[in-house]
Amino acid sequence: MITNNNAAHIKLHLLSEGISYSKRFLEAFSENHIAMEKRRAYNDSDDIQLDRSARVPQEILLNEVIIAMNHDANSDWQLDYDCQTYLLRHKNKFISEIDFPKRPIFFDLKTADGIECGSVANLYGGSAFALFTPSTCYYFSENLGCQFCSLLSNRSKDDYFVNTIKPEIAANVFSIALEHDSELLKSIMIVGGNMLDYDKGFFKYLEITKYLEEIQKVFFKGDIPIETHIATMPPKNLELFENVNNLNARITLNLEVFDDNLFEHYCKGKAKFYGRTNLKNALEYAAKKINGNRVHSILIAGLEPVESTIEGMLYLESIGVAPIINVFHRDNGAILQNHTRPSYNDLLTIAETLQKIYSRNNFTPYWCGCGRNSLDYEALNKWFNA
């Protein structure tokens with residue numbers, strides 16, 4: 001019997017070592033239209049050996065733990081199908097039965113203007129109504145995109161997903177999603193590429209959030225129970241942070257790595273056009289101005305030494321910012337597509353530190369139960385205990 005503690009440790013293994021699929025699994029999952037399939041709305045975390053026409057899962061569920069499926073043909077971990085049951089195996093040994101997030105109804109519906117809802121929004125981690133806009137990033141136009149990002153490569157091959165989502169379109173699709181899938185939706189996620197004008201980019205996310213809150217007021221008869229999570233570069237005008245206090249929202253302003261030199265190496269666009277010192281100053285300012293511990297920052301485990309990641313987590317804690325640990329995944333088309341993933345032991349060390357940070361602070365995970373590549377929800381619940 002797999003417990004949440006077992007599942008959390010398995011998550012570390014799968015994020016470190018990837019997953020493969022048996023032929024039986026692929027055949028069965030291709031016909032399983034109740035389960036959520038992988039939709040590469042902004043990145044492609046599978047190795048090049050996977051046939052992109054195959055229907056594969058975006059995540060699996062082990063008890064209450066959501067886990068990203070990042071394909072690696074050489075992984076000892078495998079999804080299989082036997083006796084009408086989906087299984088997780090390790091070196092051909094049975095580990096557990098598995099489940100999948102449910103595929104939402106709204107994907108296949110259209111707005112009054114004829115826009116297919118699934119081309120506008122995704123379902124992230126089984127419960128987050130996810131919008132990715134814009135699908136371009138200014139840094140790539142300057143050949144300075146973040147080295148772990150596959151946005152340019154992935155979206156250049158796609159003509160299905162909407163490139164720029166206007167607030168009105170987001171609201172229309174969200175209204176349809178609430179009507180048909182309200183039991184699935186626990187949060188809203190807004191993220192996208194960076195614009196040259198940071199203030200304009202930040203304000204656009206706030207504008208979308210306001211539209212979605214108006215839809216909630218109608219649907220929930222005056223209430224706004226679904227929180228919006230905004231991932232963005234900070235504005236240049238830090239006074240704009242004050243506007244977040246008027247919304248049921250939290251934001252993440254991502255350091256990515258804590259080591260200054262590695263930041264300059266991996267995030268050349270951010271370093272050149274916003275600046276490392278300015279980013280830290282913005283985090284400290286936001287933590288002071290936005291009420292309720294609603295400021296977060298991602299550190300990517302696997303891009304710097306474990307000690308440096310932990311130092312970054314402790315820095316964020318010291319300024320009142322909740323650290324998010326995302327595990328590095330090799331995105332097909334990214335500069336770092338062949339970079340080594342972090343080991344299970346390294347991830348466990350980081351996860352145990354994160355668990356201690358959550359234990360001594362009133363932090364809430366940015367992705368509460370839907371973070372397929374993150375460790376925060378499991379750390380909050382102390383599922384990394386032995």
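Up top is the structure these notes are about.
Residues numbered from 1 in each chain as written. Predicted model: local features only at pLDDT ≥ 70, side-chain atom pairs only at ≥ 80, totals over all residues. Heavy atoms only, no water.

Engineer: Would you mind going over the overall build of the chain with me for this structure?
Structural biologist: Broken down by element type, the chain carries 12 helices and 13 strands. What you see for the chain is a C-alpha radius of gyration of 20 Å, in line with the 21 Å of a compact globule of 386 residues. Taking the principal axes of the C-alpha coordinates as reference, the chain spans close to 60 × 50 × 40 Å. Scored against the burial criterion, the 386 residues of the chain give a buried share of 60%. A separation of at least 24 residues holds for 73% of the contacts in the chain among residues at least 6 apart in sequence. (Helix = DSSP H or I, 4+ residues; strand = E, 2+ residues; numbered from the N terminus. Rg over C-alpha atoms; globule rule 2.2 N^0.38 Å. Buried < 20%, exposed > 50% of the residue type's maximum accessible area, 1.4 Å probe, protein only. Contact = heavy atoms within 4.5 Å.)

Engineer: Whenever I open this one, the nonpolar core confuses me. Can you help?
Structural biologist: If you look at soluble globular proteins, the nonpolar side chains tend to sit buried side by side. By size, the foremost hydrophobic cluster in this structure holds 126 residues, and its most contacted members are Phe129 and Leu131. When residues in this core are grouped by element, the largest group, eight residues, is from helix 11 (residues 344-359). The residues touching phenylalanine 129, leaving out its near neighbours within four places in the chain, are Phe106, Ala121, Asn122, Leu123, Ala170, Val173, Phe174, Ala177, Leu185, Ser187, Ile188 and Met189. (Core = buried A, V, L, I, M, F, W, Y, C linked by side-chain atoms within 4.5 Å.)

Engineer: Whenever I open this one, the sheet that holds strand 6 (residues 93-97) confuses me. Can you help?
Structural biologist: Sheet strands line up and pair through hydrogen bonds in the backbone, either parallel or antiparallel. Read from one edge of the open sheet, four strands run 1-4-5-6, paired in mixed fashion. Every other strand in the sheet has two partners, leaving strand 1 (20-21) and strand 6 as the edge strands with one partner each. Where strand 5 (residues 85-90) meets strand 6, four bridges bridge the pair, whose relative direction is antiparallel. When the sheet's bridge partners are listed, histidine 90 is paired in strand 6 with lysine 93. Running at roughly 110° to strand 4 (residues 77-82), helix 1 (residues 4-17) makes contact with strand 4, strand 5 and strand 6 of the sheet. Sitting on the sheet, helix 2 (residues 23-30) touches strand 1, strand 4 and strand 5, and the angle it makes with strand 4 is about 60°. (Pairing = 2+ DSSP bridges. Axes fitted to C-alpha atoms, helices over the stretch in contact; angles between N-to-C directions.)

Engineer: Explain the packing of helix 10 (residues 306-318) against helix 11 to me, please; I cannot follow it from the model alone.
Structural biologist: The angle between the axes and the distance between the axes are what describe a pair of packed helices. Closest axis-to-axis distance for the helix 10/helix 11 pair is 10 Å, and the angle between their directions is 15°. When the axes of helix 10 and helix 11 are compared, the pair comes out roughly parallel. In this structure, helix 10 meets helix 11 at a crossing whose hand is right-handed. Facing Val306, Thr309, Ile310, Met313, Leu314 and Glu317 of helix 10, the residues of helix 11 in contact are Asp346, Thr349, Ile350, Thr353, Leu354 and Ile357. Considered class by class, the residues forming the contact of helix 10 with helix 11 number seven nonpolar, three polar and two charged. (Parallel < 35°, antiparallel > 145°, perpendicular 65-115°, else oblique. Left-handed = near helix turned anticlockwise from the far one by under 90°. Nonpolar A, V, L, I, M, F, W, Y, C, P; charged D, E, K, R; others polar.)

Engineer: How do you make sense of the packing of helix 1 against helix 11 when you look at a structure like this?
Structural biologist: At their nearest, the axes of helix 1 and helix 11 sit 9 Å apart, and the two run at 130° to each other. Regarding the angle of helix 1 to helix 11, the classification is oblique. Crossing handedness for the pair helix 1 and helix 11: right-handed. Where helix 1 abuts helix 11, its residues His9, Leu12, His13, Ser16 and Glu17 lie against Tyr344, Leu347 and Leu348. Taken together, the residues that form the contact of helix 1 with helix 11 break down as four nonpolar, three polar and one charged.

Engineer: Would you mind showing me how to read the pattern of salt bridges here?
Structural biologist: Note on pairing: side chains with opposite charge can pair once their charged atoms come close. The final tally for this structure, using the stated rule, is 22 salt bridges. The salt bridge partner of lysine 217 is glutamate 214, with a shortest N-O separation of 3.1 Å. You can see lysine 217 and its partner glutamate 214 sitting in helix 6 (residues 198-219), three residues apart, about one turn around the helix. Given a relative accessible area of 34%, lysine 217 falls into the partly exposed group. Linking lysine 289 and glutamate 242 is a salt bridge whose minimum nitrogen-to-oxygen distance equals 3.9 Å. (Salt bridge = Lys/Arg side-chain N within 4 Å of Asp/Glu carboxyl O.)

Engineer: Teacher, can you tell me more about the pairing of strand 5 here?
Structural biologist: A regular strand places its side chains on the two faces of the sheet in alternate fashion. Taking burial as the measure, the six residues of strand 5 include five buried ones, the bulk of the element. With six bridges joining them, strand 4 and strand 5 adopt antiparallel strand pairing. Its bridge partner lying in strand 5, glutamine 78 is registered against arginine 89. Between strand 4 and strand 5, which pair antiparallel in sequence order, lie two residues; one of them, cysteine 83, sits at a positive phi of approximately 55°. If you look at the hairpin formed by strand 5 and strand 6, you'll find two residues sitting between the two strands, and lysine 91 has a positive phi there, around 50°.

Engineer: I tried to follow the packing of aromatic side chains on my own but got confused; where do I start?
Structural biologist: For any two aromatic rings, the description comes down to two numbers: the centre-to-centre distance and the angle of the planes. Taken as a whole and judged by the stated rule, the model has 23 aromatic pairs. Taking the centre distance of 6.3 Å and the plane angle of 45° together, the rings of phenylalanine 25 and phenylalanine 100 count as tilted. Separated by 75 residues along the polypeptide, phenylalanine 25 in helix 2 and phenylalanine 100 in the loop between strand 6 and strand 7 (121-124) bring together distant segments of the chain. On the accessibility criterion, phenylalanine 25 (0% relative accessible area) is buried. For phenylalanine 100, a relative accessible area of 8% translates into the label buried. A ring pair is formed by tyrosine 160 and phenylalanine 161, whose centres lie 5.1 Å apart and whose planes are at 75°; its orientation type is edge-to-face. What links up through ring pairs into an aromatic cluster is the set Tyr21, Phe25, Phe29, Tyr81, Tyr86 and Phe100. Positioned above the aromatic ring of phenylalanine 263 is the side chain of arginine 276, whose terminal nitrogen or guanidinium carbon lies 4.1 Å from the ring centre. Positioned above the aromatic ring of tyrosine 315 is the side chain of lysine 280, whose terminal nitrogen or guanidinium carbon lies 5.8 Å from the ring centre. (Phe/Tyr/Trp six-rings, centres within 6.5 Å; stacked < 30°, edge-to-face > 60°. Lys NZ or Arg CZ within 6 Å of the ring centre and 35° of its normal.)

Engineer: It is not clear to me how the sheet that holds strand 10 (residues 227-231) should be interpreted in this structure. Could you clarify?
Structural biologist: Spatially, the seven strands line up as an open sheet ordered 7-8-9-10-11-12-13, and their pairing is mixed. Two strands close off the open sheet at either side, each with one partner strand: strand 7 and strand 13 (322-327). Going across the sheet, the axis of each strand differs from the next one's by a mean of 30°, ignoring polarity. Pairing analysis gives six bridges linking strand 12 (residues 295-301) to strand 13, with the strands arranged parallel. Bridge pairing in strand 13 links histidine 296 to alanine 322. Running over the sheet, helix 10 touches strand 12 and strand 13 and is turned about 175° from strand 12.

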